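# Tertiary structure, described
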Amino acid sequence: MLTEERTQRTIDAKGPVLTCAVTDCSYNRFEACHAPGVIIGDVHPACDTFTVGPASIAAEEALVAECAVSECMYNTKSNCHAAGITVGFHSAHADCITFRERTQ
Ligand code: SF4
Ligand SMILES: [Zn+2]
């Protein structure tokens, strides 16, 4: 049985971006993400933090700040509970490829 403290930690879980193949993003350096926090989009699991411009190392390790993909099995109330996510290309944009559709 989970203690209240552990339950809270679980609710607040924010896994890291383990790797990101989208090397043309400003926050990407050698396939590691250095964004201050990554936001994954709503119906579609795209990385909304993706941006093109000058290189930006805003954080040593990027965490999933928010995920609005409620259909994903790792998602609870906009928090991602995956141990970490992998981001890759989908067409010409970045998607969370750790997304797994929830089964009832
Ligand atoms: S596309 Fe998203 S996950 Fe990849 S480096 Fe950019 S902000 Fe990070
Ligand atoms: Zn996509």
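Residues numbered from 1 in each chain as written. Chains lettered and ligands numbered in written order. Predicted model: local features only at pLDDT ≥ 70, side-chain atom pairs only at ≥ 80, totals over all residues.

## Digging into the overall build of the chain
Within the chain, the regular secondary structure consists of one helix and nine strands. Looking at the chain as a whole, 30% of its 104 residues are labelled buried. When contacts within the chain are restricted to residue pairs at least 6 apart in sequence, long-range pairs at least 24 apart make up 67% of them. (Helix = DSSP H or I, 4+ residues; strand = E, 2+ residues; numbered from the N terminus. Buried ≥ 20, exposed ≤ 12 C-beta atoms within 10 Å, placed from the backbone. Contact = placed C-beta atoms within 7 Å.)

## So, the site of ligand 1
What surrounds ligand 1 is a group of 15 residues, the closest being Cys 20, Cys 25, Cys 33, Cys 47 and Ala 94. Per-class residue counts for the shell around ligand 1 are 13 nonpolar, two polar and no charged. (Near = placed C-beta within 6 Å. Nonpolar A, V, L, I, M, F, W, Y, C, P; charged D, E, K, R; others polar.)

## Here we look at the nonpolar core
Counting 25 residues, the largest nonpolar core has Val 17, Cys 33, Val 38, Ile 40, Cys 47, Val 87 and Ala 94 as the members making the most contacts within it. Elements that contribute at least two residues to this core include exactly strand S1 (17-20), strand S4 (38-40), strand S5 (64-67), strand S8 (85-90) and strand S9 (93-96). Excluding residues within four positions of it along the chain, Ile 40 makes contact with Pro 45, Ala 46, Cys 47, Asp 48, Val 64, Cys 67, Ala 68, Val 69 and Cys 96. (Core = buried A, V, L, I, M, F, W, Y, C linked by C-beta atoms within 7 Å.)

## Side note on the environment of Tyr 74
Among the secondary structure elements, Tyr 74 is positioned in the loop between S5 and strand S6 (75-76). For Tyr 74, a count of 20 C-beta atoms within 10 Å gives the class buried. Sequence-distant contacts of Tyr 74, defined by excluding residues within four places in its chain, comprise Cys 80, His 81, Ala 82 and Arg 100.

## Some points on the sheet that holds S9
Read from one edge of the open sheet, three strands run S1-S8-S9, paired in mixed fashion. A strand with exactly one partner marks an edge of an open sheet, and here the two such strands are S1 and S9. Ignoring which end each strand starts from, the neighbouring axes of this sheet average 30° apart. In terms of strand pairing, S1 meets S8 through three bridges, oriented parallel. Within the sheet, the bridge partner assigned to Val 17 lies in S8 and is Ile 85. (Pairing = 2+ DSSP bridges. Axes fitted to C-alpha atoms, helices over the stretch in contact; angles between N-to-C directions.)

## Remarks on unusual backbone geometry
Even without a glycine there, the phi angle at Lys 77 is positive, about 50°. Along the chain, the position of Lys 77 falls in the loop between S6 and strand S7 (79-80). One non-glycine residue, Ser 78, lies in the positive phi region at around 70°. Note that Ser 78 resides in the loop between S6 and S7.

Functional significance is not addressed by these values, which are geometric in nature.
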